[in-house]
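# A closer look at the structure
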Amino acid sequence: MKPAGKTPVFLERANYRQRRLGDAARFLPLLGTVLWLIPLLWTRDGPEAPSNAGTITYIFVIWVVLIGLAALLSRVLRDTDPAADTARR
Amino acid sequence: MVSFNILIVVSLSYVAALFWVAFLAERRAAAGKANWLRSPVIYTLSLSIYCTAWTFYGAVGYAERSGLEFVTIYLGPTLVMVGWWWVLRRLVRIGRAQRITSIADLISSRFGKSRRRGVIVTLIAVVAATPYIALQIQSVTLSLAVFAEAEGPPWTDVDFARAAMWFAGGLAVFTILFGTRNLDANERHHGIVMAIAVEAVVKLVALLAVGIFVVWGLGGGPAQMMATIDAADLDLWDQDASRWVGLIFVSAAAFICLPRMFQVMVVENDDEAHLRMASWAFPTYLFAMSLFVVPIAVMGLELMPAGSNPDLFVLTLPLSQGANGLAMLSFLGGFSSATSMVIVATIALATMVSNHIVVPLWLAMQDDRKGAMFGDVRHLTLLARRLSIAGVLALGFVYYRLSGGGTALAAIGLISFAGSVQVLPALIGGIFWRGATRPAAAAGLLIGLVVWLWTMFLPSFGPGAVIPVTVIEAGPFGIGWLRPQALFGISGIDPLVHGILWSMLLNTAAFVGISLVTFPTPLERLQGAQFVNVFDHSTGTRTWSRPVADAEDLLLMLQRIIGVTEAQRIFAREAQRQGTPGQLPKATPDFIARLERELGGSVGAATAHAMIGQLTGGSGVSVEDLIAVADEAAQILEYSNRLEAKSAEQEATARALRDANAKLTALSIQKDAFLSQISHELRTPMTSIRSFSEILRDGDMPAADQNRFAGIILDESIRLSRLLDDLLDLSVLENGQVVLRQQTGQLSTLLDRAVSAAGLHDRNLTILRDRTTEEIEITTDLDRLVQVFINLISNAAKYCDAKKPELTIRVSRANGQHRIDFLDNGIGIAAQNQELIFEKFSRLADESKAGGAGLGLAICREIMLRLQGDIIYLRGTSGTAFRVTLPVTS
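Let me begin by describing the structure that accompanies this report.

What counts, and where the lines are drawn
- Along each chain, residue indices are assigned from 1 in the same order as the chain's sequence is written.
- Following the order in which they are written, the chains are lettered starting with A and the ligands numbered starting with 1.
- Under the rules for a predicted model, residues below a pLDDT of 70 receive no local features and side-chain atom pairs below 80 are neither given nor counted, while totals for whole chains, interfaces and linings still include all residues.
- Computation of side-chain values: all heavy atoms of the structure, hydrogens and water removed.
- Runs of H or I in DSSP of at least four residues are treated as helices and runs of E of at least two as strands, each being numbered from the N terminus.
- Each residue's exposure class comes from its accessible area (1.4 Å probe, protein chains only) as a fraction of the maximum for that residue type: buried when under 20%, exposed when over 50%, partly exposed otherwise.
- Contacts are assigned to residue pairs that have any heavy atoms within 4.5 Å of one another.
- Where accessible areas are quoted, they stem from the Shrake-Rupley method and a 1.4 Å probe; at the residue level, only the protein chains shown are allowed to cover.
- In these notes, a set of buried Ala, Val, Leu, Ile, Met, Phe, Trp, Tyr and Cys residues joined through side-chain atoms within 4.5 Å is what counts as a nonpolar core.
- Boundaries between domains were set according to an automatic or database domain assignment.
- Using a 1.4 Å probe, buried area is obtained as the accessible area two parts lose upon being combined, added over both of them.
- Criterion for a salt bridge: a side-chain nitrogen of Lys or Arg within 4 Å of a carboxyl oxygen of Asp or Glu.
- We call two N or O atoms a polar contact when they sit within 3.5 Å, provided that within protein one can donate a hydrogen and the other can accept it, with sequence-adjacent residues counted only if both atoms are side-chain atoms.
- In this classification, the charged set is Asp, Glu, Lys and Arg, the nonpolar set is Ala, Val, Leu, Ile, Met, Phe, Trp, Tyr, Cys and Pro, and all remaining amino acids, among them Gly, are polar.
- Fitted lines through C-alpha atoms give the axes, limited to the stretch in contact for helices. The angle between two N-to-C directions lies from 0 to 180 degrees.
- Under this scheme an angle from 65 to 115 degrees is roughly perpendicular, one under 35 degrees roughly parallel, and one over 145 degrees roughly antiparallel; angles in between are oblique.
- Patch construction takes residues with relative accessible area above 30% that form no salt bridge. Like charges are linked within 9 Å, and nonpolar side chains (Val, Leu, Ile, Met, Phe, Trp, Tyr) are linked within 5 Å.
- We treat two strands as partners when DSSP finds at least two bridges between them.
- Left-handed is the label given to a crossing in which the near helix is rotated counterclockwise from the far helix by less than a right angle, and right-handed is the label when the rotation is clockwise.
- Two rings from Phe, Tyr or Trp (for Trp, the six-membered ring) form a pair when their centres sit within 6.5 Å of each other. Planes less than 30 degrees apart are called stacked, planes more than 60 degrees apart edge-to-face, and all others tilted.
- A positively charged side chain is recorded as over a ring if its NZ (Lys) or CZ (Arg) lies within 6 Å of the ring centre. The angle to the ring normal must also be within 35 degrees.

## Quick word on the overall build of chain B
Looking only at helices and strands, chain B features 33 helices and seven strands. Within chain B, the proportion of its 890 residues that are buried is 54%. Counting contacts in chain B only where the partners sit at least 6 residues apart, residues at least 24 apart contribute 79% of the total. With an accessible surface of roughly 37900 Å², chain B has 60% of that area assigned to carbon and sulfur atoms.

## Concerning the overall build of chain A
A count of helices and strands for chain A gives two helices and zero strands. Out of the 89 residues in chain A, the part that is buried amounts to 33%. Within chain A, contacts between residues separated by at least 24 positions form 68% of all contacts whose residues are at least 6 apart in sequence.

## Some words on the nonpolar core
Nonpolar side chains in soluble globular proteins generally cluster together in the buried interior. Formed by 200 residues in total, the largest nonpolar core has its most connected members in Trp-63 of chain A together with Tyr-50 and Phe-70 of chain B. The biggest single contributor to this core is helix H8 (residues 115–151) of chain B, with 18 residues. Lining this core are residues from two domains, each supplying at least three of them: domain 1 (4–410) and domain 2 (412–538) of chain B. The residues contacting Trp-63 of chain A, other than those within four sequence positions of it, are Trp-36 of chain A together with Val-71, Tyr-74, Leu-75, Thr-78, Pro-283, Leu-286, Phe-287 and Ser-290 of chain B. In terms of nonpolar packing, the next biggest core, distinct from the first, is built from 45 residues, Leu-792, Ala-797, Val-811 and Val-884 of chain B among them.

## Describing the interface of chain B and chain A
Listed per partner, the contact involves 52 residues of chain B and 41 residues of chain A. Taking both partners together, chain B and chain A bury about 4300 Å²; carbon and sulfur atoms supply 62% of that area. If you look at where chain B meets chain A, you find zero salt bridges. Applying the counting criterion to the chain B and chain A interface returns three residue pairs in polar contact (both at pLDDT 80 or more). Elements represented by at least two residues in the side of chain B that touches chain A include exactly helix H5 (72–82), helix H6 (88–98), helix H11 (222–231), helix H12 (241–257) and helix H14 (274–291) of chain B. For the side of chain B that touches chain A, the element with the highest residue contribution is H14 of chain B, accounting for nine residues. Among the residues making up the side of chain B that touches chain A, the classes are represented as 28 nonpolar, eleven polar and 13 charged.

## Quick word on the packing of helix H2 (residues 40–47) of chain B against helix H13 (residues 259–267) of chain B
Residue and element names in this part refer to chain B. It is at 9 Å that the axes of H2 and H13 come closest, and there the two elements cross at 175°. By the angle between their directions, the pair H2 and H13 is classed as roughly antiparallel. Contacts between H2 and H13 involve Tyr-43, Ser-46 and Leu-47 from the first element and Met-261, Val-264 and Met-265 from the second. Its residues assigned to classes, the contact of H2 with H13 shows five nonpolar, one polar and no charged.

## So, a nonpolar patch on the surface
All names here are of chain A. A grouping of Leu-31, Val-61, Val-65, Leu-69 and Leu-72 is seen on the molecular surface, where their side chains present a nonpolar patch of about 400 Å² in accessible area. No other element matches helix H2 (residues 52–76), which puts four residues into the nonpolar patch. Within the secondary structure layout, Val-65 lies in helix H2. Overall, Val-65 belongs to the partly exposed group, its relative accessible area being 42%.

## A look at the environment of Ala-796 of chain B
Residue and element names in this part refer to chain B. On the secondary structure map, Ala-796 appears in helix H32 (residues 782–799). Between the C-alpha atom of Ala-796 and that of Glu-806, which follows or precedes it by ten residues, the distance is 8.5 Å. Apart from the residues within four sequence positions on either side, Ala-796 is in contact with Leu-765, Leu-807 and Asp-824.

## Considerations on the sheet that holds strand E6 (residues 870–873) of chain B
All names here are of chain B. Across the sheet, five strands lie side by side as E2-E4-E5-E7-E6; this open sheet has mixed pairing. Both outer strands of the open sheet, strand E2 (766–769) and E6, are each paired with one neighbouring strand and no more. Pairwise comparison of adjacent strand axes, ignoring direction, gives a mean angle of 20° for this sheet. In this structure, strand E4 (residues 806–814) lies alongside strand E5 (residues 817–824), joined through eight bridges in antiparallel fashion. Within E5, the position partnered with Ile-809 by the bridge is Phe-822. Most of the contacts of helix H31 (residues 747–757) go to E2, to which it runs at about 175°, and overall it touches E2, E4 and E5. Strands E6 and strand E7 (881–887) of the sheet are contacted by helix H33 (residues 856–866), whose axis makes an angle of about 140° with E6.

## Overview of the packing of helix H19 (residues 412–420) of chain B against helix H21 (residues 438–457) of chain B
All names here are of chain B. Where H19 contacts H21, the axes come no closer than 10 Å and their chain directions differ by 170°. Looking at the two axes, H19 sits roughly antiparallel to H21. Our pair here, H19 against H21, has a crossing hand that is right-handed. Side by side, H19 and H21 meet where Ile-412, Ile-415, Ser-416, Ala-418 and Gly-419 of the first sit next to Trp-452, Met-456 and Phe-457 of the second. Partitioned by chemical class, the residues of the contact of H19 with H21 number six nonpolar, two polar and no charged.

## Quick notes on the pattern of salt bridges
All names here are of chain B. This model, assessed by the stated rule, comprises 19 salt bridges over all chains. Across the salt bridge formed by Glu-574 and Arg-577, the nearest N and O atoms sit 3.2 Å from each other. Here Glu-574 and its partner Arg-577 are both found in helix H26 (residues 564–578), three residues apart, which amounts to about one turn of the helix. Using a relative accessible area of 51% as the deciding quantity, one classes Arg-577 as exposed. Measuring nitrogen to oxygen at the nearest pair gives 3.0 Å for the salt bridge that ties Arg-784 to Asp-729. With a gap of 55 residues between them, Arg-784 in helix H32 and Asp-729 in helix H30 (residues 703–734) connect regions that are remote in the sequence. By relative accessible area, Arg-784 is classed as buried at 15%. Salt bridges sharing common partners tie together Asp-752, Arg-769, Arg-771 and Glu-774.

## Examining H13 of chain B
Summarising burial for H13 of chain B: nine of the nine residues are buried, a large majority. Residues Pro-259, Arg-260, Met-261, Phe-262, Gln-263, Val-264, Met-265, Val-266 and Val-267 of chain B constitute the buried set of H13 of chain B.

## A closer look at the packing of aromatic side chains
Residue and element names in this part refer to chain B. Going through the model one piece at a time under the given rule, you end up with 25 aromatic pairs over all chains. A centroid spacing of 5.9 Å and a plane angle of 80° characterise the contact between Trp-54 and Tyr-132, whose relative ring orientation is edge-to-face. Taken as a pair, Trp-54 in helix H3 (residues 53–56) and Tyr-132 in helix H8 lie far apart in primary sequence, 78 residues in all. Residues Trp-84 and Trp-85 carry aromatic rings whose centres are separated by 5.3 Å and whose planes lie at 80° to one another, so their mutual orientation is edge-to-face. Judged by its relative accessible area of 3%, Trp-84 falls in the buried class. Here the aromatic cluster, defined as three or more aromatic residues joined through ring pairs, consists of Tyr-50, Trp-54, Tyr-132, Phe-255, Phe-282, Tyr-285 and Phe-417. Lying over the aromatic face of Trp-85, Arg-89 brings its terminal NZ or CZ to 3.6 Å of the ring centre.

## Some remarks on unusual backbone geometry
Even without being a glycine, Asn-815 of chain B presents a positive backbone phi close to 55°. Within the secondary structure, Asn-815 of chain B is located in the loop between E4 and E5.

## Focus on the side chain of Thr-316 of chain B
On the secondary structure map, Thr-316 of chain B appears in helix H16 (residues 313–320). Once residues within four sequence positions are removed from consideration, Thr-316 of chain B is found in contact with Val-146 and Met-304 of chain B.

See below:
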C-alpha cells in the first residue's frame, strides 16, 4: 500500500545509523541462537570434554552478554515512524 | 517445623494482601492516578507469569532428570525478548492499533474477522492450557502436603482432592472479582496486573533466597559449589542436539503464542515503550530464576534421602535443614507462581471462549429478531466470561483428578507448549505476509492441532490409556506410516522432537501452500495490509462507507455492551470532534469504524464486526460491493482522465494554431503597412529627383537655377540613401544578426563624440552637462551607444520648439543601472503619443522639419535592447525627456 517513492532511496546519516541499529536488534536473537548452539559441537567424552561447571558458566555468560547488548540497543534505538503512540490515545 | 495451621494462616494473609493490592490498584486506576501502574517495571514483572510453578519447583527436578536441558525453557524467551524489535514490537503495535483482545482475536481479525479461525485458536488454547492449569493445581497441593505430612499422617486422595478444590475455587473467586469487574473497552486489568507483579517479586525473592541459602549456607560459597557440581553424579550435558534445538524453538514460540503470555505482553500493554525495558529486564529475570537451579538440584541430591521427589527440593531442602522461615517463603513463592499463571491463563482463555464461542453463538441464535438482538449484551458478555473462568478452572481440576496427579502430569508441560505453538505459523505469517489467506490459516491450524493430538497429546496419557498399544506399535488399522511416534515410518527420533517437528512442518506447509493457491477476500486484504504495514499507518480500517446506521441505535447498542458511562463518553468525544458538542454525533463511516474497534476491544473483532454489520444493514458483503464499485469507478475515472488529458491536449494545439494564425495575420498586415509606408517614403524623394533631373536634361536655363536644382537632387538622394541605410540597420538589428563589438570607454568622451557628430553647428541648441557625473567607465558596444546618443541629441535639436532651446543631459545610477536622461525645454510629447514614438515610421511633427523617415527611435530601442539596456520616454517632465538605461558592468 506504500505509494512508490514515499521512502527515499538514500537516507541521511542519522537515519541510516538508526536503520542499521534496527538491523543489529534483529540480528541479536540470531547471534544468541548460534552462541547457544555451539556447546553441541563440543566433545562429550574423554579428557577434553568440558566440565559441568564449565558448560554452565558458558551458557550463563552468553546470557549476560545478550542482556547487556539488548540493554544497550534498547537505549539507542528510536522509533522512526511518527505515529508511534497515537494509535490508542 | 512449621505447623500446617500457621502455613494456612500465612497463605490466607498473603492472599488477602493480594486482594488488597489488586483492589487498591483498581481504585487508583479508576481515579485516573494509575501512572505508576503503567510503568515498564510493572510490565516486565507481569511477563514473569511465564515462570509458573513448573519453573519454581519443576526446574530443579528437570535439571536432576535431564541436566542442563531445563535451561532451554528460558533461553527461547530470552531470544524472543532481545529480538523484540523484530516480532514483539510489531505484535504490540498491531494489538494496540486493532484493539486485540486475545490471540484468537488476533488471528480472527487478521483473516478477515473470521469467527471460525477464532474458534479454532480458542479450542487449541483450551486443550493446550488445561493440563498446564492442572499442573499448577498439582504443585500447590503437593507443596501443601509436604507441610501437612510433616506433622500428621500422609495425605490421602481425598485430602488432595479437597485441597485442590479449595485452591481452584479460591482462584475462581479472585479471578472473577478482578478479571470481570467491568467490560473495559481496553480489556486491561490493572488490579490483576499489579497483583501478579507483586507475586513476581515474591517468587523471585523466594527462589533467590533458597539459592543463596544453598550456595553460601550449605555449599560453602560459589567456588566450592562449582567443584561440587563437577563432582556430582549428575550428567548435565547429555541430551541430544535435536532436543536442545527443538526445545529452544518451542519455548521461544510458546512465549509468543501462549494465550496468557499474549494477554500480559500485548493486551495488557499500556505503552509500546515498555518493551524497551522489558527487552533486557525480562531476560535478566529469567537469568536470575535459572541461576540457582543446578546448585539446588546438586545439593538436594547430596543431602536429601534417596527417593525424595526432586520436584520439591526447593521446598524440602530448606525444611530438612531447619530453615523454617525460608521454607515458608519458598512455599509462598511456589504458590505465587501457580496462582499468577492460573489467573492470567484463565482470564485469557475466558475472554477467548466468551468472545469467540459463547457470544457469537448467542448472536447467531438471536439473528432473526433484529430488534431484540441487543437485549443486554453487556450482561451476557460478563456472564459468559465469568462462566468461562469457572469452566476453565473446573476443566483444570477435572484433568488433575483424572490424570491422578502423578508424574505423568509433569511431562505434560512441554507437550502443552507444543500445542500452543500450533498458532505460530498463522500468527507470524499473518503479521509479516500479506499473502496469507483465511483457508490457509484454518488448514494450518487444524492440521497442526490434529498432528499434535495424535503424536503428542493422546500418547501422553501413557501407552494403552487413550491410544491402544497396538496402534502405537503398528499404526491405526495397521497403517505403519501413521504410527503416532514414527510418522511416515521415520522412527528413532525423540518423541517430543518428533511431535514438534511434524506438527510444525505440516502446519507450516499447509499454511504456506494453501495461501499460495487461494485468493483472499477483500476484507482479508484490507486487514492484511493493516497488519503487515502497521508501521506505515496506524489508523484503522475504513470499512463502513455508508452512513446508514442511526447514531441513536449505535449509542443504544454500545451502552448495552460497554456500559452507559463509557459509551456516552465515547459519543461525547466524537461529537466534540465533529464540532457539535452536546448533540448526538453523526454516524460517519470514520466514526463507525472507530466504534467497531472500541467494541472489538470488548467482544472481539469478529463479533463487533457482526454487530455493527447488523445495525448498518450490511455485513462483510458491503465491503466486497464497495471494492467492486471502487474498481469500476477507478476504471471509469481513469478512462475519463485519459479523455480529459487528450481533449486538453487538443485544445492546447488548437489554441497554439489560433495564436500562430493571429500572429501571421498581424505580421502580414504589418508587412503591408510597412511596404506601403516604405514605398511612400521612397517615392517622395524619387519624385523630386526625377522631375528635377528632367528639368536639367531639357537644359536652357540659368546657371544659378541649374545649381539649385542639382543641389535639390543631391539632398533628395542623400535623404534616400539615409533612409535605405536606416532600413538596412533596423532589419539587421531586428533579426539579431548584429555583431556587437565590446569596448570600454568614458561616458563623457562618448557624449562629446555624440554632440559633435549631431551636426549642431547651424542650430542654436544649448547643451547643459555635469561633467563630474559623467566620469564613468562603460563597457559595451560604444559605437552603437553613440549612435543612440546622436539620435537623441539631433532629435532634440530638430523638434525642440522653445525660443532658446536647451538640452540637459543628466547621469545617475540606480538599481545596478546607469541612467542617462536627455531632457529638453520644449512642449514635450502628448501622453497618447508617448507609446507610439518608438514604432517604425512614427513621426509626430510635420514632415518638413523631419530629416528622417521616423526610424530613429525604433533603431535606438533595438540597439538598447541588444545592449541589455533600454530606452523609455520619461513621463512627468515639462519637455521631451528620454531615459537611456545601461547595466553597470563590473
